[in-house]
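For reference, the chains in residue letters:
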Amino acid sequence: MNENEVVIISLLVSMLGLIVIAGIVWFGYILARISRKSMTLTGNPALDEIFAEWVKQGSGSSDDLPRIAYESYAEYLQRRNEFWTAYGQVLLAVLIVVVLTVLLITQTITAEAGLPILSGISGFAIAKGISATKSSGLPQLRKPSG
């Protein structure tokens, strides 16, 4: 390849990478905006469902509500934090892949240096996906003793 082809391919890969990164950022922005709009009575949709179910059943002691509310909200926060952590990691991985691809195309770095990094990122993404599918089950609320 001559120098002009390398520059054109590098620019195309850079543009494609920027479009993908912009799409990921746009997705996060829209998701954050939707989640703010969906907040209802308590600010937590899952907690609102628990309250509605508790009121509908009308049974249970008054000690159940604080425990259920705490566990529900703690689960909501944990899942939210896991999502945004994974979101940031995906965004960073895409950025690294784009930069490494451009560096490999322009032969700034050799394949011996860049390909192991790309393999590591791919392995990380696969491992992240496998661990996410294993932990997708919802834990059950504990029954009060007594």
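Our subject is the structure that appears above.
Here we summarise the structure given alongside this text. Just so we're clear, the structure is a prediction, and the values are computed from it rather than from any experiment.

## Overview of the packing of aromatic side chains
Part 1 of the argument: By the definition in use, this model includes three aromatic pairs.
Part 2 of the argument: Geometrically, the ring pair formed by Phe83 and Trp84 is edge-to-face, given 5.0 Å between the ring centres and 75 degrees between the ring planes.
Part 3 of the argument: Considering the side-chain rings of Trp84 and Tyr87, the 5.1 Å spacing of their centres and the 80 degrees angle between planes classify their relative orientation as edge-to-face. Highlighted residues: Trp84 and Tyr87, both in helix 3 (residues 64–105), separated by three residues, approximately one helical turn.
Part 4 of the argument: Given a relative accessible area of 33%, Trp84 falls into the partly exposed group.
Part 5 of the argument: A connected cluster of aromatic rings, assembled from ring pairs, spans Phe83, Trp84 and Tyr87.

## Looking at the pattern of salt bridges
Part 1 of the argument: Applying the stated rule across the entire model yields one salt bridge.
Part 2 of the argument: When the shortest N-O distance is used, the salt bridge between Arg79 and Glu75 registers 2.7 Å. Of this pair, Arg79 and Glu75 both sit in helix 3, four residues apart, which is roughly one turn of the helix.

## Digging into the nonpolar core
Part 1 of the argument: In this structure, Ile21, Ile24, Tyr87, Val94 and Val98 together form the largest nonpolar core, which totals five residues.
Part 2 of the argument: Of all elements in the fold, only helix 1 (3–37) and helix 3 reach the threshold of two or more residues within this core.
Part 3 of the argument: By residue number, the principal contributor to this core is helix 3, which donates three residues.
Part 4 of the argument: With residues up to four places along the chain from it excluded, the contact list for Val98 reads Val13, Ser14 and Gly17.

Here is what the cut-offs are and how they apply
Residues numbered from 1 in each chain as written. Predicted model: local features only at pLDDT ≥ 70, side-chain atom pairs only at ≥ 80, totals over all residues. Heavy atoms only, no water. Phe/Tyr/Trp six-rings, centres within 6.5 Å; stacked < 30°, edge-to-face > 60°. Helix = DSSP H or I, 4+ residues; strand = E, 2+ residues; numbered from the N terminus. Buried < 20%, exposed > 50% of the residue type's maximum accessible area, 1.4 Å probe, protein only. Salt bridge = Lys/Arg side-chain N within 4 Å of Asp/Glu carboxyl O. Core = buried A, V, L, I, M, F, W, Y, C linked by side-chain atoms within 4.5 Å. Contact = heavy atoms within 4.5 Å.

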